[in-house]
Amino acid sequence: MNCTLKAPVFAELEVRKSRFLAWVEPVTDRAAVQARLAELRSQYSDARHICFAFYVDGDSGMSDDGEPSGTAGKPIFNVISHKRLVNVLAVVVRYFGGVKLGAGGLVRAYGGAISQALDQAEWVPVETQHPWVFACPFALESELRRLLERYQLLPGGIEYTTGVTMEVTVPESQLADLRRDFCALAPHRNDLMEHRLGASPEAN
């Protein structure tokens, strides 16, 4: 299962007089990533490089910020990817110490700084969410609503056409049971429909 962090973590690594300040933090979206990067760039405006990688809500990005291509952003991203972290931003601020590290040295330093920060991290599982659609006749609307309430789910888009259609986001752990219980509302009817949002409807 993918995980995120319960709280931000920080570590500092020194390699041949260069200082690498590393943060890994939970984030909710790209806007939060950009806001945090702007804050760090302002706070550490005298640093030689501010390199980062992030993965949030299916979106990702990375930057070498002037380091040789592939020596900073990619190793940072590789660490968070290998540990199956999502909804996180990993940043390393480098203060150059006057000694060049070479490509291999940079890869080890940037990846190592993030790994060292994550040694202190507390992990939080992130459950996959499924956008699902349930449709039923008007006569079963109240039963469908009660079913969703039992699973502590709130319908999003609700449409009334020839029947009632409700969109809901369902955690992975609940999906199979919810689909089974929905079919059980009226097992002998063929006008109950349920499917993933955006997929073709399936009659039950």
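Residues numbered from 1 in each chain as written. Predicted model: local features only at pLDDT ≥ 70, side-chain atom pairs only at ≥ 80, totals over all residues. Heavy atoms only, no water.

**Things to note about the layout of surface pockets**
Line of reasoning, step 1. Estimated volume of the largest pocket: approximately 200 Å³.
Line of reasoning, step 2. Lining the largest pocket, in full, are Asn-2, Tyr-55, Asp-57, Gly-58, Val-86, Asn-87, Val-126, Glu-127 and Thr-128.
Line of reasoning, step 3. Here the lining of the largest pocket is composed, by residue class, of three nonpolar, four polar and two charged. (1 Å grid on protein atoms, 1.4 Å probe; cavity = no way out; pocket = protein on both sides within 12 Å on 5 of 7 lines; lining within 4 Å. Points joined across faces, edges and corners; volume = space filled by probe spheres on them. Nonpolar A, V, L, I, M, F, W, Y, C, P; charged D, E, K, R; others polar.)

**Let's talk about the side chain of Glu-194**
Line of reasoning, step 1. By the element assignment, Glu-194 lies in strand S11 (residues 193–196).
Line of reasoning, step 2. Glu-194 gets classed as buried once you look at its relative accessible area, which sits at 3%.
Line of reasoning, step 3. A polar side-chain atom of Glu-194 sits 2.7 Å from a polar atom in the side chain of Trp-132. (Helix = DSSP H or I, 4+ residues; strand = E, 2+ residues; numbered from the N terminus. Buried < 20%, exposed > 50% of the residue type's maximum accessible area, 1.4 Å probe, protein only. Polar contact = N/O pair within 3.5 Å; in protein donor to acceptor, adjacent residues only side chain to side chain.)

**Brief notes about the packing of aromatic side chains**
Line of reasoning, step 1. In the structure shown here, the tally under the stated rule is six aromatic pairs.
Line of reasoning, step 2. For the ring pair Trp-23 and Tyr-44, a centre distance of 5.4 Å and an interplane angle of 55° mean the geometry is tilted. On the criterion of sequence distance, the pair formed by Trp-23 in strand S3 (residues 18–26) and Tyr-44 in the loop between helix H1 (30–43) and strand S4 (49–56) is long-range, its members being 21 residues apart.
Line of reasoning, step 3. The class of Tyr-44 is buried, set by a relative accessible area of 15%.
Line of reasoning, step 4. An aromatic cluster is built from Phe-10, Trp-23 and Tyr-44, whose rings are joined through pairwise contacts. (Phe/Tyr/Trp six-rings, centres within 6.5 Å; stacked < 30°, edge-to-face > 60°.)

**Concerning the pairing of strand S6 (residues 88–95)**
Line of reasoning, step 1. Of all eight residues in S6, eight are buried; the element is thus mostly enclosed.
Line of reasoning, step 2. Burial of S6 is two-sided: the residues Val-88, Ala-90, Val-92 and Arg-94 facing one way and the residues Leu-89, Val-91, Val-93 and Tyr-95 facing the other way are all buried.
Line of reasoning, step 3. Relative to S6, S4 is paired through seven bridges, and the arrangement is antiparallel. Bridging from a neighbouring strand, Tyr-55 pairs with Val-88 of S6. (Pairing = 2+ DSSP bridges.)

**Here we look at the packing of helix H4 (residues 141–150) against helix H5 (residues 172–183)**
Working note: a packed helix pair is described by the angle between its axes plus the distance between those axes.
Line of reasoning, step 1. Contact geometry of H4 with H5 gives a least axis separation of 11 Å together with a crossing angle of 155°. Classified by the interaxial angle, the pair formed by H4 and H5 is roughly antiparallel. Viewed along their axes, H4 and H5 form a crossing whose handedness is right-handed. Here Leu-144, Leu-147, Leu-148 and Arg-150 of H4 lie close against H5, whose contacting residues are Leu-178, Asp-181 and Phe-182. (Axes fitted to C-alpha atoms, helices over the stretch in contact; angles between N-to-C directions. Parallel < 35°, antiparallel > 145°, perpendicular 65-115°, else oblique. Left-handed = near helix turned anticlockwise from the far one by under 90°. Contact = heavy atoms within 4.5 Å.)

**Section: the environment of Ala-139**
Line of reasoning, step 1. You can see Ala-139 is positioned in the loop between strand S8 (129–136) and H4.
Line of reasoning, step 2. For Ala-139, a relative accessible area of 61% translates into the label exposed.
Line of reasoning, step 3. Once the C-alpha coordinates of Ala-139 and Val-164 are considered, the two residues, 25 residues apart in sequence, prove to be 9.2 Å apart.

**Section: H4**
The periodicity of an α-helix, 3.6 residues per turn, causes residues three or four positions apart to be oriented the same way.
Line of reasoning, step 1. Three or more residues of H4 are buried, namely Glu-141, Leu-144, Leu-147 and Leu-148. In an axial view of H4, the angular spread of the buried residues amounts to 125°, which keeps them on one side of the axis. Facing away from the buried surface of H4 by more than 90 degrees, the exposed residues are Arg-146, Glu-149 and Arg-150.
Line of reasoning, step 2. Elements that come into contact with the buried residues of H4 comprise S8, strand S9 (158–160), strand S10 (164–171) and H5. (Arc of directions from axis to C-beta.)

**Some points on the sheet that holds S4**
Line of reasoning, step 1. Strands sit in the order S2-S3-S6-S4-S5 across an open sheet of five strands; the sheet is antiparallel. Of all the strands in the sheet, the pair left with one neighbour each is strand S2 (9–15) and strand S5 (59–63). Between one strand axis and the next, the sheet turns by 15° as a mean value, whatever way the strands run.
Line of reasoning, step 2. In this structure, S4 lies alongside S5, joined through five bridges in antiparallel fashion.

**Looking at the pattern of salt bridges**
Line of reasoning, step 1. Enumeration over the complete set of coordinates arrives at eleven salt bridges.
Line of reasoning, step 2. The residue Arg-36 makes a salt bridge to Glu-25 at a minimum N-O spacing of 2.8 Å. With a gap of eleven residues between them, Arg-36 in helix H1 and Glu-25 in strand S3 connect regions that are remote in the sequence. For the pair formed by Arg-36 and Glu-25, the shared burial category is buried. (Salt bridge = Lys/Arg side-chain N within 4 Å of Asp/Glu carboxyl O.)

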